[in-house]
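Results of the structural survey
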Amino acid sequence: MQKVRKAIIPAAGLGTRFLPATKALAKEMLPIVDKPTIQFIVEEARASGIEDILIIEGKSKRSIEDHFDSAPELEQNLASKKKTAMLKLVQDTTDIGVNLFYVRQPHPNGLGDAISLAKSFVGNEPFVVMLGDDLMTDKVPLTKQLINEYEKTHASILAVKRVPHDEVSAYGVIDPESETEPGLFNVKKFVEKPAIEEAPSDLAIIGRYLLTPEIFEILDHQAPGKGNEIQLTDAIDTLNQTQRVFAHEFKGKRYDVGNKFGFVQTTIEYGLKHPEVKDELRQYILEVAQRLTKEGK
Ligand code: UTP
């Protein structure tokens, strides 16, 4: 069995929900307190045993490459001022423990189109796709959970999570056939952004996929779907007709940083754990709550 060593992080979307911040900056560079979301994703990949990562970038969004590159002037400055803790934070972004590769998606034609650009990088190996929209916390990283399942089934597997029924049309949704073991589903169909009344379940695809390389043959011929974009979910549905594609229900905590409210929520939750700001932030939240309660009267 082949080891899962490679990951793709697509970061070439237009990020329209965060305009104007994302006009010249990739959405994945927006920080949660002090760390860009893409760094959390790269750290999850490393913790899951991934060795090589291909980041798919959009036009004029070089900030991701710069973030993971060395910054000699800054590093010298911090070293000369003996700011060793800060220097370590900067150097940790370069000594990240995985090999990073980059490719540009010329047109934002959809997630499926972005993934198809990774064909020669991936070759003939199973690989994972990790979206910067979702930050996950659990005892075992979600990507590692998928790899553990793959080592048993040797089949593609996607992460899913139950979402409130009125939110299903924002996601790809699975039509589960059977639960072969707790939290592991055989899937009848994968449907991208179904209308609420047509959604086959409340099990939504969240941003981690483990796929076999046969997906690339399908993506080569994939017609545009919802939003006139090449949809990865459509290609996965086709793959599921010739090979099993499982769904793994994630039971840990998911932070949706791809929309404004989720982003603010995540910032607060992470802030409440951040050693430098947690006490002040807690105090501030209590004060705000008190003020809002008074105003509400
Ligand atoms: P989203 O559906 O979140 O789209 O893409 P988006 O453009 O990033 O954001 P909004 O909806 O306009 O605010 C899901 C993932 O697929 C990547 C995105 O960067 C994100 O990680 N993506 C999407 C691409 O890399 N290329 C595309 O053409 C589309």
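Here the structure is shown first, and the text comes after it.
This report concerns the structure included in the present document. (Residues numbered from 1 in each chain as written. Predicted model: local features only at pLDDT ≥ 70, side-chain atom pairs only at ≥ 80, totals over all residues. Heavy atoms only, no water.)

Our next topic: the packing of aromatic side chains. If you walk through the whole model with that rule in mind, you get 5 aromatic pairs. Centroid distance F127 to F216: 5.3 Å. Interplanar angle 20°. Geometry classified as stacked. Placement of F127 in strand β6 (residues 127-130) and of F216 in helix α8 (residues 215-220) is noted, with a sequence separation of 89 residues between them. Ring geometry for Y255 versus Y270: centroids 5.2 Å apart, planes at 75°, classification edge-to-face. With Y255 in strand β13 (residues 253-256) and Y270 in helix α10 (residues 260-271), the pair connects residues that are 15 residues apart, well separated along the chain. Per residue, the accessibility class of Y255 equals that of Y270, and both read buried. An aromatic cluster is defined as three or more aromatic residues linked by ring pairs; in this entry it consists of F40, Y255 and Y270. Just above the ring of F121 sits the side chain of K6; from NZ or CZ to the centre is 5.3 Å. Directly above the ring of Y255 sits K253, whose terminal nitrogen or CZ lies 5.0 Å from the centroid. (Phe/Tyr/Trp six-rings, centres within 6.5 Å; stacked < 30°, edge-to-face > 60°. Helix = DSSP H or I, 4+ residues; strand = E, 2+ residues; numbered from the N terminus. Buried < 20%, exposed > 50% of the residue type's maximum accessible area, 1.4 Å probe, protein only. Lys NZ or Arg CZ within 6 Å of the ring centre and 35° of its normal.)

Right, let's talk about the pairing of strand β1 (residues 6-11) for a bit. The element β1 is extensively covered by neighbouring structure, given that 6 of its 6 residues are classed as buried. The pairing of β1 with strand β4 (residues 52-57) spans 6 bridges and is classified as parallel. If you follow K6 over to β4, its bridge partner there is D52. (Pairing = 2+ DSSP bridges.)

The immediate surroundings of the ligand are formed by 17 residues, with T16, R17, K27, Q105 and G110 found nearest. Between A12 and the ligand, the recorded distance is 3.0 Å, taken from a backbone N or O atom to an oxygen atom. For the ligand, an oxygen atom lies 3.0 Å from a polar atom in the backbone of G15. Burial of the ligand by the surrounding chains reaches 85%, relative to a free accessible area of 570 Å². Looking at the shell around the ligand, the elements with two or more residues in it are β1 and α5 (111-116). Split by residue class, the shell around the ligand holds 7 nonpolar, 6 polar and 4 charged. (Near = heavy atom within 4 Å. Polar contact = N/O pair within 3.5 Å; in protein donor to acceptor, adjacent residues only side chain to side chain. Areas by Shrake-Rupley, 256 points an atom, 1.4 Å probe, with all protein chains shown as cover. Nonpolar A, V, L, I, M, F, W, Y, C, P; charged D, E, K, R; others polar.)

As a further point, take the pairing of strand β12 (residues 245-249). For β12, a buried count of 5 out of 5 residues is recorded, marking the element as mostly surrounded by other parts of the structure. Here β12 shows a buried face lined by V245, A247 and E249 and a second buried face lined by F246 and H248. Pairing between strand β8 (residues 156-162) and β12: 5 bridges, direction parallel. Bridge pairing in β12 places V160 opposite E249.

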